[in-house]
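In case you want the letters, here they are:
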Amino acid sequence: MESALVVLSGGQDSTTCLYWALKRFGAGHVEAVTFDYSQRHRIELDCAVRVAARADVLHTVLPINTFAALGGNALTDANIAVQDSTDAQTGLPNTFVPGRNLIFLTFAAALAYSRGIRHLVTGVAQTDYSGYPDCRQATLQALEQTLRLGMEYALTIHTPLMFQSKADTVRLARDLGALPALVDTHTCYNGIQPPCGECPACILRAKGFAEVGIPDPLVERFRKP
Ligand code: ZN
């Protein structure tokens, strides 16, 4: 029986991918890995721990502190505000952490290798997203090839959300029975709960639920006394 390792950020997309992997590979054949990259919002790590515990999967948290040392983006540098603006030169949002997914997947591949796991699952999407170049299919295909060559290991990177809109992802979560788990997820770029509802990540998440016409379990949680 094949096994899979899911890169779990504690967000909506990776949580949905965890349940996708559980359905595809079966309970007992799925693990999760989360990276502590000194992100400003430690709440992400707490969410990942809760999501993994709820799904009853083995969960590994690996430290990578180099991104914080590099600085220059709104997700690791507290001096940079998260804005709905893009860099004039690159056209990318200031939440872009250069190299992040490349490094995450490379370390995930190393962990998978050590465990004899041949399937990586990541929630990246090039549709309806922030335009991060390391979330595009071409990048992921090239990286898969690089990892296969570099580790001489038949590794497959699965990207079930690559061409899904946020609404599609909400529908998928519903169909997989993952909606209850979304109460433990974190999306807000401002790192607060209840979510701010105003940052680009919150707006995109709300749009997805609104299009499907079902309430966001996370938002509902804070609505109740
Ligand atoms: Zn927000």
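Residues numbered from 1 in each chain as written. Predicted model: local features only at pLDDT ≥ 70, side-chain atom pairs only at ≥ 80, totals over all residues. Heavy atoms only, no water.

Visitor: Please give an account of helix H7 (residues 200-212) that cites residues and values.
Guide: A rise of 1.5 Å per residue sets the reference length of H7, with its 13 residues, at 18 Å; its end C-alpha atoms lie 19 Å apart and thus fit the reference within 8%. All of the buried residues in H7 are Ala201, Cys202, Leu204, Arg205, Gly208, Phe209 and Val212. All buried residues of H7 lie within an arc of 170° about the axis, which places them on one face of the element. In this structure, the buried residues of H7 make contact with helix H1 (12-25), helix H6 (166-176) and helix H8 (217-223). Within two residues after H7, Gly213 carries a phi angle of roughly 85°, on the positive side. (Helix = DSSP H or I, 4+ residues; strand = E, 2+ residues; numbered from the N terminus. Expected span 1.5 Å × (residues − 1). Buried < 20%, exposed > 50% of the residue type's maximum accessible area, 1.4 Å probe, protein only. Arc of directions from axis to C-beta. Contact = heavy atoms within 4.5 Å.)

Visitor: Before we move on, could you go through the sheet that holds strand S3 (residues 58-63) and cite the residues and values that matter?
Guide: As summarised here, the arrangement of the 5 strands in space is S3-S2-S1-S4-S5, forming an open sheet in which the pairing is parallel. The outermost strands of the open sheet, each flanked by one partner alone, are S3 and strand S5 (156-158). Averaged over all neighbouring strand pairs, the angle between strand axes comes to 25°, with direction disregarded. Bridge count for strand S2 (residues 30-36) against S3 is 6 bridges, and the pairing is parallel. Each residue of the ladder has a partner; that of Glu31, found in S3, is Leu58. (Pairing = 2+ DSSP bridges. Axes fitted to C-alpha atoms, helices over the stretch in contact; angles between N-to-C directions.)

Visitor: A description of the packing of aromatic side chains should follow, citing residues and the corresponding values.
Guide: This model, assessed by the stated rule, comprises 6 aromatic pairs. A ring pair is formed by Trp20 and Phe25, whose centres lie 6.5 Å apart and whose planes are at 70°; its orientation type is edge-to-face. Judged by relative accessible area, which is 18%, Trp20 ranks as buried. One aromatic cluster is present, formed by Phe35, Tyr37, Phe67 and Phe104 through successive ring pairs. (Phe/Tyr/Trp six-rings, centres within 6.5 Å; stacked < 30°, edge-to-face > 60°.)

Visitor: An account of the coordination of the zinc ion is needed here, citing residue identities and associated values.
Guide: Those donors, Cys188 (SG), Cys196 (SG), Cys199 (SG) and Cys202 (SG), are the protein atoms that reach the zinc ion, and they lie 2.3 to 2.4 Å from it. Going along the chain, you hit the donors of the zinc ion in the pattern C-x7-C-x2-C-x2-C. On the basis of relative accessibility, which here comes to 23%, the residue Cys196 falls in the partly exposed class. You can call Cys199 buried: its relative accessible area is 5%. (Donors = N, O, S within 2.8 Å, 3.2 Å for Na, K, Ca; no water.)

Visitor: Outline unusual backbone geometry, supporting the account with residue identities and numerical values.
Guide: With an omega dihedral of 0°, the bond running from Gln193 to Pro194 counts as a cis peptide bond. If you trace the backbone, Pro194 turns up in the loop between H6 and H7. One non-glycine residue, Asp56, adopts positive backbone phi at about 60°. Within the secondary structure, Asp56 is located in the loop between helix H2 (43-55) and S3. Here the phi dihedral of Glu152 falls at roughly 45°; this positive angle occurs in a residue that is not glycine. Checked against the element boundaries, Glu152 lands in the loop between helix H5 (137-151) and S5.

Visitor: Summarise the pattern of salt bridges; cite the residues concerned and give the values.
Guide: Evaluation of the coordinates by the stated rule reveals 10 salt bridges. Residues Asp184 and Arg54 are paired through a salt bridge, measuring 3.1 Å at the closest nitrogen-oxygen approach. With Asp184 in the loop between H6 and H7 and Arg54 in helix H2, this residue pair connects regions lying 130 residues apart in the sequence. We note a salt bridge from Arg174 to Asp175, for which the minimum N-O separation is 3.3 Å. On the basis of relative accessibility, which here comes to 39%, the residue Arg174 falls in the partly exposed class. Overall, Asp175 belongs to the exposed group, its relative accessible area being 58%. (Salt bridge = Lys/Arg side-chain N within 4 Å of Asp/Glu carboxyl O.)

Visitor: Give me the lowdown on the packing of helix H4 (residues 100-115) against H5, citing residues and values where you can.
Guide: H5 packs onto H4 with a crossing angle of 40° between their chain directions and a minimal axis gap of 11 Å. Viewed along their axes, H4 and H5 adopt a mutual orientation that is oblique. As H4 packs across H5, the resulting crossing turns out to be right-handed. Each of Asn101, Leu102, Leu105, Thr106, Ala109, Ala110 and Tyr113 in H4 lies in contact with H5, whose residues at this interface are Thr139, Leu140, Leu143, Leu147 and Met151. Partitioning the contact of H4 with H5 into residue classes produces 9 nonpolar, 3 polar and no charged. (Parallel < 35°, antiparallel > 145°, perpendicular 65-115°, else oblique. Left-handed = near helix turned anticlockwise from the far one by under 90°. Nonpolar A, V, L, I, M, F, W, Y, C, P; charged D, E, K, R; others polar.)

Geometric descriptors of this kind do not, in isolation, establish any biological role.
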